[in-house]
Amino acid sequence: MGAAGDFVDFDLSPDGTRVATIRFDERRRSSDLMTLDLSTGLLSQVTDDPTPEGSPIWAPGGDRIAFSSLREGRWRTVVRAVARGADEIVLPSSCSEPLSWLPDGKSLMCKGVDHLQLWQSPVSGSRSGFAVANSVGHLPDGRVSPDGSWFAYSSDRGGQREISVVPLSRGSAQVPLSLGPGDFPRWRSDGRGLFFVTGRTVWGVQITSGA
């Protein structure tokens, strides 16, 4: 789909019609946020910044994208509308990289500054958010459940990257989920299943309600 390029991240829009992606420009030694229309193959540039960007995540309504940007010499999470030149919201430094939107589109789950902390941050207002879990190990990836109650993530807290889930309420304990290595957790659309990758194999776990 679309023109060839050095693409490093991508996320499918909620309606399945577009892809948000990061394209690296070798000449500028930087990267920008792009969108790809899957029906036409048209690739549109959203940002044009001298600093690198990464980790695009569509908002539930498909009208905004959260992404990370190396501004002020450190990674920050930025939220903006899809149109080029649209206004941006830069989240507090405690939210260094977006992982997943909450279903209401009002908050984001993020990596903390040291990538060892799981942080929930509102995308507007004066509140700075709060830590959902501490000392979780390095967080390569994670997703909020469709009902907004749980967060599934992969981390190396136990020495290898494994899948865990944590309730999205303060002071809640993390629950191990995979019996071994795991990456890239993704919820089933009804919230009753979770998929993740081990090596070259995709595993599925059935999720039931309750504790």
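Note that the structure is a prediction, hence the values are computed from the model and not measured.

> An account of the overall build of the chain is requested, with residue identities and associated values reported.
Within the chain one finds 0 helices and 19 strands. Radius of gyration (C-alpha) of the chain: 17 Å, near the 17 Å computed for a compact globule of 211 residues. With the principal axes as the frame, the chain shows a C-alpha extent of 45 × 40 × 30 Å. Partitioning the contacts of the chain with sequence separation of at least 6, the portion at a separation of at least 24 is 29%. With an accessible surface of roughly 10,900 Å², the chain has 51% of that area assigned to carbon and sulfur atoms.

> Outline the state of the cysteines, listing residues and values.
Throughout the structure, instances matching the rule amount to 1 disulfide. A disulfide bridge connects Cys-95 with Cys-110, and the sulfur atoms are separated by 1.9 Å. Residues Cys-95 and Cys-110 are joined by a disulfide whose S-S torsion is about -70°; by sign, that bridge is left-handed. In this pair, Cys-95 is assigned in the loop between strand 8 (88-90) and strand 9 (97-101) and Cys-110 in strand 10 (residues 107-111), connecting sequence segments 15 residues apart. Grouping residues by exposure puts Cys-95 and Cys-110 together as buried.

> Explain the sheet that holds strand 14 (residues 150-155) residue by residue, including any values.
Read from one edge to the other, the open sheet built from 4 strands follows the order 13-14-15-16, with strand pairing classed as antiparallel. The sheet is open, and its two edges are formed by strand 13 (141-144) and strand 16 (175-176), each paired on a single side. In this structure, strand 14 lies alongside strand 15 (residues 162-167), joined through 6 bridges in antiparallel fashion. By the bridge assignment, Tyr-153 is partnered in strand 15 with Ser-164.

> Please set out the pattern of salt bridges residue by residue, giving values where relevant.
Following the criterion strictly, the structure yields 10 salt bridges and no others. Glu-53 serves as the salt-bridge partner of Arg-71, at 3.9 Å between the closest nitrogen and oxygen. Here Arg-71, found in strand 6 (residues 64-71), pairs with Glu-53, found in strand 5 (residues 53-58); they are 18 residues apart in sequence, far enough to count as distant. Grouping residues by exposure puts Arg-71 and Glu-53 together as buried. In this structure, Arg-161 engages Asp-183 in a salt bridge whose closest nitrogen and oxygen atoms are separated by 2.5 Å. Of this pair, Arg-161 sits in the loop between strand 14 and strand 15 while Asp-183 sits in strand 17 (residues 183-187), and the two are 22 residues apart along the sequence. Arg-161 gets classed as partly exposed once you look at its relative accessible area, which sits at 38%.

> Please set out the packing of aromatic side chains residue by residue, giving values where relevant.
According to the stated counting rule, one finds 1 aromatic pair in the structure shown. Ring plane angle 20° and centroid distance 6.0 Å describe the contact between Phe-151 and Tyr-153, whose orientation is recorded as stacked. Judged on exposure class, the residue Phe-151 and its partner Tyr-153 are both buried.

> How would you explain the environment of Gly-85 if you had to name every residue and give the values?
Positionally, Gly-85 belongs in the loop between strand 7 (74-81) and strand 8. Dropping the residues within four chain positions of it, Gly-85 is found in contact with Val-46 and Arg-80.

> Pulling in residues and values, what's your account of the side chain of Ser-69?
Here Ser-69 lies in strand 6. What makes Ser-69 buried here is its relative accessible area of 0%. At 2.9 Å, the side chain of Ser-69 forms a polar contact with the side chain of Arg-71. Beyond its immediate chain neighbours, meaning those up to four positions away, Ser-69 contacts Thr-51, Pro-52, Glu-53, Arg-74, Trp-75, Arg-76 and Val-78.

The rules behind each value
- Residues numbered from 1 in each chain as written.
- Predicted model: local features only at pLDDT ≥ 70, side-chain atom pairs only at ≥ 80, totals over all residues.
- Heavy atoms only, no water.
- Helix = DSSP H or I, 4+ residues; strand = E, 2+ residues; numbered from the N terminus.
- Rg over C-alpha atoms; globule rule 2.2 N^0.38 Å.
- Contact = heavy atoms within 4.5 Å.
- Areas by Shrake-Rupley, 256 points an atom, 1.4 Å probe, with all protein chains shown as cover.
- Disulfide = S-S within 2.5 Å.
- Buried < 20%, exposed > 50% of the residue type's maximum accessible area, 1.4 Å probe, protein only.
- Pairing = 2+ DSSP bridges.
- Salt bridge = Lys/Arg side-chain N within 4 Å of Asp/Glu carboxyl O.
- Phe/Tyr/Trp six-rings, centres within 6.5 Å; stacked < 30°, edge-to-face > 60°.
- Polar contact = N/O pair within 3.5 Å; in protein donor to acceptor, adjacent residues only side chain to side chain.

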